[in-house]
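A closer look at the structure
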Amino acid sequence: MDREKFLKDFRKFLEDNYEQVMENTIRLEDLPEDDDWRQDEVWDGLYVRKAVNNE
């Protein structure tokens, strides 16, 4: 599938399912301070390591 068609289909999907997507979205502000996903430095380091080492 070419990129342009994929993006068009994805935008259509988001438009058609906006309410459901928003209902199931967890906002960062709603997570506790000690939640793993709020630990940006830790996750950034993991992503960089994986990108550099091709893990």
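See the structure above.
The structure reproduced in this document is the subject of the present report. All figures in this text were calculated on a predicted structure; none of them were measured in a lab. Positions within a chain are numbered from 1, following the residues in the order the chain's sequence is written. In keeping with the predicted nature of the model, local features appear solely for residues at pLDDT of at least 70, side-chain atom pairs appear and are counted solely at 80 or more, and the whole-chain, interface and lining totals rest on all residues. Side-chain numbers here rest on the full set of heavy atoms in the structure, without hydrogens or water.

Turning to the overall build of the protein chain, a few remarks are in order. Along its length, the protein chain carries three helices and zero strands. Secondary structure elements are taken from DSSP: a helix is a run of H or I of four residues or more, a strand is a run of E of two residues or more, and numbering for both begins at the N terminus. Counting helices and strands in the order they occur from the N terminus, the protein chain gives α-α-α. Against the 2.2 N^0.38 benchmark of 10 Å for 55 residues, the protein chain shows a C-alpha radius of gyration of 16 Å, more extended than a compact globule. In terms of its C-alpha atoms, the protein chain occupies a principal-axis envelope of roughly 35 × 30 × 10 Å. Type-normalised accessible area, obtained with a 1.4 Å probe on protein chains alone, sets the label of each residue: buried when under 20%, exposed when over 50%, and partly exposed for intermediate values. Taking all 55 residues of the protein chain together, 0% fall into the buried category. Positive charges come from Lys and Arg, negative ones from Asp and Glu, while His and the chain ends are left out of the count. Every charge is mapped to an atom, namely NZ of Lys, CZ of Arg, CG of Asp or CD of Glu. The centroid of the 9 positive side-chain charges in the protein chain is displaced by 8 Å from the centroid of its 17 negative side-chain charges. The globule rule is 2.2 Å times the number of residues to the power 0.38, and the radius of gyration it is compared with is taken over C-alpha atoms.

Below, the discussion takes up helix α1 (residues 3–16). Residues that lie three or four places apart on an α-helix share one face, since the helix turns once every 3.6 residues. For a helix, the expected span equals 1.5 Å multiplied by the residue count minus one. If you check α1, its first and last C-alpha atoms are 20 Å apart, about what 14 residues at 1.5 Å a residue would give, namely 20 Å. In the analysis that follows, any N or O atom pair within 3.5 Å is treated as a polar contact, provided that within protein one partner can donate a hydrogen and the other can accept it, and provided that, for residues neighboring in sequence, both atoms belong to side chains. Sitting at the amino-terminal end of α1 is Asp 2, which places a side-chain oxygen 3.1 Å from the backbone nitrogen of Glu 4.

This part is about the pattern of salt bridges. When a carboxyl oxygen of Asp or Glu is within 4 Å of a side-chain nitrogen of Lys or Arg, the pair counts as a salt bridge. What the rule picks out here adds up to three salt bridges. Note that Asp 9 is salt-bridged to Lys 5, the shortest N-O span being 2.9 Å. You can see Asp 9 and its partner Lys 5 sitting in helix α1, four residues apart, about one turn around the helix. With a shortest N-O distance of 3.0 Å, Asp 16 and Lys 12 are connected by a salt bridge. Here Lys 12 and Asp 16 lie together in helix α1, a separation of four residues that amounts to about one turn.

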